[in-house]
Amino acid sequence: MTLRAKALSVHLLTASGAVFAMLAMLAAAEEQWGLMFLWLVVAFFVDGIDGPLARRYDVKRNAAEFDGVLLDLVIDYLTYVFVPAYALFKSGLLPGWTGWIAIIVITFGSAMYFADTRMKTRDNSFSGFPGCWNMVVLVLFALSPSFWLILGIVVLLTVAMFIPLKFIHPVRTRRWRGVSLPVTAGWTFFAGWAAWVDFHPESWAHWGLVATSLYLLSAGIAQQLIPERPRSLKAG
């Protein structure tokens, strides 16, 4: 396979996320929440591997007729924002007016965030909460907390998109990547497990989701608070 063909195949892999988004939406329309999240986990996995592949095969040079960044943003909005927001609204976790507030602030705030040219930091982390509502809503489905707590989390994270808090990119943020990558793999495993058992309340996957989610939410802020030690230069 030529380098150009490999680069084009990366774009096709990224575009497959649109198919998984549609499959997730069809499951959501039937209120098959476990199946919906299984498709979103598949999309999350694809999103995690297409970036490194795009850089490896230099898609900007070898398949430049397609804008991989734009393609990724379109699919991310579907799988990270639109489908999860719909699920949160239709699931009954947020009754009445609370559901309307949630879907409005999630979809509107995320649209503005995805278009913000300041969303990335110098170390390839995110400035502000990166709109990963697929991850947040999945954990909310698993734990089923009170609707007041859910509404508070939604509003807090929406505000956090537009304040200078750092959130790591598990693949591209170099600092602590040796921990972040396994934790992200663990989150993906626990998410798939929880969705597979249809969020059974006695599943151990829920504890894994909580632990890995707390790390992914707090690691970037911890990096802001803990200065990185300068690398020592070897003598001679």
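Our structure is the block above this text.
Sequence order as written defines residue numbering, which begins from 1 separately in each chain. Local features in a predicted model are, by the rule used here, given only for residues with pLDDT of at least 70; side-chain atom pairs are given and counted only at 80 or more, and totals for whole chains, interfaces and linings are based on all residues. Hydrogens and waters are ignored; side-chain quantities use all the structure's heavy atoms.

Asker: Just to check I follow, could you spell out unusual backbone geometry for this structure?
Answerer: Among all residues except glycine, the phi angle is most often negative; among peptide bonds, the trans geometry is most common. The phi angle at Glu-31 is positive, at roughly 55°, despite the residue not being glycine. What counts as a helix is a DSSP run of H or I of at least four residues, what counts as a strand is a run of E of at least two, and both are numbered from the N terminus. The residue Glu-31 is located in the loop between α1 (3-29) and α2 (33-56) in this model. Phi is positive for Asp-198, which is not a glycine, with a value near 55°. With respect to the secondary-structure elements, Asp-198 resides in the loop between α8 (177-196) and α9 (205-225).

Asker: What exactly am I supposed to notice about the nonpolar core here?
Answerer: A general tendency of soluble globular proteins is for nonpolar side chains to be buried together. Buried Ala, Val, Leu, Ile, Met, Phe, Trp, Tyr and Cys residues that are joined via side-chain atoms within 4.5 Å together make up what is termed a nonpolar core. Burial classes follow relative accessibility: with a 1.4 Å probe on protein chains only, a residue under 20% of its type's maximum area counts as buried, one over 50% as exposed, and anything between as partly exposed. Formed by 55 residues in total, the largest nonpolar core has its most connected members in Met-36, Phe-37, Leu-88, Phe-129, Trp-133 and Trp-187. For this core, the secondary structure elements donating two or more residues are α1, α2, α4 (68-90), α5 (97-114), α6 (133-143), α7 (147-160), α8 and α9. Examining the composition of this core, we find that nine residues originate from one element, α6, more than from any other. Any two residues whose heavy atoms approach within 4.5 Å at even a single point are treated as in contact. Excluding its chain neighbours within four sequence positions, the residues that come into contact with Met-36 are Ala-24, Ala-27, Ala-28, Val-83 and Ala-87. Counting six residues, the second largest nonpolar core, distinct from the first, contains Ala-7, Ala-54, Tyr-57 and Val-59.

Asker: Whenever I open this one, the packing of α4 against α5 confuses me. Can you help?
Answerer: For any two helices packed against each other, the geometry is given by the interaxial angle and the distance between the axes. The interhelical angle for the contact between α4 and α5, taken along N-to-C directions, is 170°, at an axis separation of 9 Å. One finds that α4 runs roughly antiparallel with respect to α5. In this structure, α4 contributes Leu-73, Asp-76, Tyr-77, Val-81, Ala-85, Leu-88 and Phe-89 to the contact, and α5 contributes Gly-99, Trp-100, Ala-102, Ile-103, Ile-106, Thr-107, Ser-110, Ala-111 and Phe-114. Of the residues contributing to the contact of α4 with α5, the split by class is twelve nonpolar, three polar and one charged. Here, axes are lines fitted to C-alpha atoms. For helices the fit covers the stretch in contact, and angles between N-to-C directions go from 0 to 180 degrees. Any angle between 65 and 115 degrees counts as roughly perpendicular, while under 35 counts as roughly parallel, over 145 as roughly antiparallel, and the rest as oblique. Gly is put with the polar residues, along with every residue not named as nonpolar or charged; the nonpolar set is Ala, Val, Leu, Ile, Met, Phe, Trp, Tyr, Cys and Pro, and the charged set is Asp, Glu, Lys and Arg.

Asker: I'm lost on empty space enclosed by the protein in this one. Help?
Answerer: If a probe the size of a water molecule is rolled over the atoms, the empty space left behind becomes visible. Only protein atoms enter the 1 Å grid, on which a cavity is a set of points fitting a 1.4 Å probe that cannot get out and a pocket is an open set with protein on both sides within 12 Å along at least 5 of 7 lines, lining residues being those with an atom within 4 Å of a point. Grid points are joined across faces, edges and corners, and a volume is the space filled by probe spheres set on the points. Here the structure, examined in full by the defined rule, presents two cavities of 30 Å³ or more. Its boundaries defined by the atoms lining it, the largest cavity holds a volume of some 60 Å³. Those elements giving two or more residues to the lining of the largest cavity turn out to be α1, α2 and α4. Taken together, Phe-37, Leu-40, Val-41, Phe-44, Asn-134, Leu-138 and Trp-187 make up the full set of residues lining the second largest cavity. Listing elements by their share of the lining of the second largest cavity, those giving two or more residues are α2 and α6. For the lining of the second largest cavity, the residue count by class is six nonpolar, one polar and no charged.

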